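Inside the fold
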Amino acid sequence: MESDPRRIHAQVIKKNIAGASEYRFQLNNLVTLYFKSHLLPYAVRLFQQIPSPNVVSWTTLISGHSNTPAALHHFVSMLRHPTLPNQRTLAIILKTCASLPSLSFGVQLHALSIKLSIATEPYSASALIHFYSKTQLPNNARKVFDEIPHSDAVCFSSVIVGLAQNSKPIEALSYFADMRASGFGSTDYSVSAALRASAELAALEQCKMIHSHSIVTGLDSNPIVGTALVDGYGKCGMVNDARLVFDENLPTLNLIGWNAMMSSYAQQGDKESVTELFSKMENQGLVPDQYTFLSIMTAFCNSGLFNDTEHWFTKMESEYKLEPWIEHYTCLVGAIGRSGRRP
DNA sequence: CTAGGGTTAG
């Protein structure tokens, strides 16, 4: 087939391009194609054939190994080459440090980006904010954000998400307000994070305001915003409102959306609604996970029914082959206490 | 030719 990178590779070799930089340009393109076609060994071999790799060549190689320790290895090789990274390189490598995670490598990248004067540029800054959020250092994330001279919607969203994820809901909502005041349009990221913060505070008025805002901005049709709304209303104790949002978004919601709705019922101890949704979920072809079973167990636990709680725990392990979390055991212990049983 | 952020539990 014509799009096979090996065919294009052959053509590049046949053309015998004279200029070194034009040749490198073509090879960089090819390495990208090989990675996109999931032909990793071809991509790496071709990279090694580039006579004098530039920052684009290196960034492509690192990007092809993103979220693996190999990406860090290639980054070090790049520095020894020596070639300096740019914003794109740092964005990719910081994302890798966030997902591995590797705190020490990421902190050194922060130092390097300060030396290169790109720590406050939007693309590397948002990656730094994400990195510090994932390594549970929200104050560092906020500090990076505060030093950005010309922020943008992604940097704002990143810091709001990071603060919401790290149980700093008041600060998250404060930055959400700052973002609105700065004139940046809200994004599905900023809205879902603000809803998560409001949910943690069980702040019903906040949830309602952001719900209205999401309708005005058209973000309410986003399934992640919908899920955050279901969760928000649920945490505020407004299960009926949660159900309305759930039903409106039903066609687009994934397993997480269903789990959020079941969790809302579970917090009320509404075991009938939870088990009813469980059946409907399976009829839809969705495969339940640990969150699903945690909701079911929580519902029975909150109703003081130990036998049912234990029954679903066993069902999860034996029938669905799901490894229980510490939370499932906590739920079992809680059920023992609530049912008045003695160990 | 190479770039950044999300929802369920706790």
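On a predicted model such as this, the values are computed, not experimentally measured, just so you know. The residue numbers shown here count from 1 along each chain, following its written sequence. Just so you know, chain letters begin at A and ligand numbers begin at 1, following the order they were written in. Only residues with pLDDT of 70 or above have their local features reported here, since the model is predicted, and side-chain atom pairs are shown and tallied only from 80 upward, although totals for entire chains, interfaces and linings are computed over all residues. No hydrogens and no water enter the side-chain calculation; it runs on all heavy atoms of the structure.

1. Quick notes on the domain arrangement of chain A
Interface size is often expressed as the accessible area that is lost when the parts come together. Just so we agree on the cut-off: As annotated, the domain borders come from an automatic or database domain assignment.
Taken domain by domain, chain A consists of domain 1 (78-150), domain 2 (151-253) and domain 3 (263-343). For domain 1 versus domain 3, the distance between C-alpha centres works out to 41 Å.

2. Thoughts on the pattern of salt bridges
Applicable threshold: In the sections that follow, a salt bridge refers to a side-chain nitrogen of Lys or Arg positioned within 4 Å of a carboxyl oxygen of Asp or Glu. Numbering of helices and strands runs from the N terminus, with a helix taken as a DSSP run of H or I at least four residues long and a strand as a DSSP run of E at least two residues long. The buried label goes to any residue with under 20% of its type's maximum accessible area, the exposed label to any with over 50%, and the partly exposed label to all in between, with areas taken from a 1.4 Å probe on protein chains only.
Tallied over the entire structure, the rule returns 8 salt bridges. For R142, the salt bridge is made with E171, and the minimal N-O distance between the two is 2.3 Å. Here the residue R142 occupies a position in helix α9 (residues 138-146), and E171 occupies one in helix α11 (residues 169-181), the gap between them amounting to 29 residues. The class of R142 is partly exposed, set by a relative accessible area of 24%. The partner of R243 in a salt bridge is D247, with the nearest N and O atoms 3.1 Å apart. Here D247 and R243 lie together in helix α15 (residues 239-249), a separation of 4 residues that amounts to about one turn. Among the residues examined, R243 registers a relative accessible area of 18% and is labelled buried.

3. Observations regarding the protein's contact with DNA strand B
Which entries qualify depends on this criterion: Put simply, a residue is near a molecule or strand once any heavy atom of it comes within 4 Å of that molecule or strand. The definition of a polar contact used here is a pair of N or O atoms within 3.5 Å, where within protein one atom must be able to donate a hydrogen and the other to accept one, and adjacent residues in sequence count solely through side-chain atom pairs. Under the grouping applied here, Gly and all other residues not named as nonpolar or charged are polar, the nonpolar ones being Ala, Val, Leu, Ile, Met, Phe, Trp, Tyr, Cys and Pro and the charged ones Asp, Glu, Lys and Arg.
In the vicinity of DNA strand B lie 44 residues, with N28, S126, S157, D188 and R196 positioned nearest. By atom count, sugar and phosphate contribute 39% of the portion of DNA strand B lying within 4 Å of the protein. K134 has a polar side-chain atom sitting 3.4 Å from a phosphate oxygen of DNA strand B. Within the backbone of D188, a nitrogen or oxygen atom sits 3.0 Å from a base nitrogen of DNA strand B. Looking at the surface near DNA strand B, its residues break down into 15 nonpolar, 20 polar and 9 charged.

4. Notes on the environment of N249
By the element assignment, N249 lies in helix α15. According to the relative accessible area criterion, N249 is buried, its value standing at 8%. It is 30 Å that separates the C-alpha atoms of N249 and S126, two residues lying 123 residues apart in sequence.

5. A closer look at the packing of helix α4 (residues 55-64) against helix α6 (residues 87-99)
Using the following cut-off: Geometry is summarised by axes, namely lines fitted to C-alpha atoms with helices restricted to the contacting stretch, and by angles between N-to-C directions that run from 0 to 180 degrees. Oblique is the label for every angle not falling under 35 degrees (roughly parallel), over 145 degrees (roughly antiparallel), or within 65 to 115 degrees (roughly perpendicular). Crossing handedness: left-handed means the near helix sits turned counterclockwise from the far one by under a right angle, and right-handed means the same turn made clockwise. In what follows, residue pairs with any heavy atoms lying within 4.5 Å of each other are defined as contacts.
In the contact formed by α4 and α6, the axes pass within 10 Å of each other and the chain directions differ by 15°. Regarding the angle of α4 to α6, the classification is roughly parallel. The handedness of the crossing between α4 and α6 is left-handed. In contact with V55, T59, I62 and S63 of α4, α6 contributes R88, T89, I92 and I93. A breakdown of the residues in the contact of α4 with α6 according to their chemical character gives 4 nonpolar, 3 polar and 1 charged.

6. Quick look at the state of the cysteines
What makes a disulfide is a covalent bond joining the sulfur atoms belonging to two cysteines. Using the following cut-off: In what follows, a disulfide is any cysteine sulfur pair within 2.5 Å.
Applying the stated criterion across every chain, the model contains 0 disulfides. The thiol of C155 is unpaired, and the distance to the nearest cysteine sulfur, on C97, comes to 18 Å. As a non-bridged cysteine, C236 has C207 as the owner of its nearest cysteine sulfur, 3.9 Å distant.

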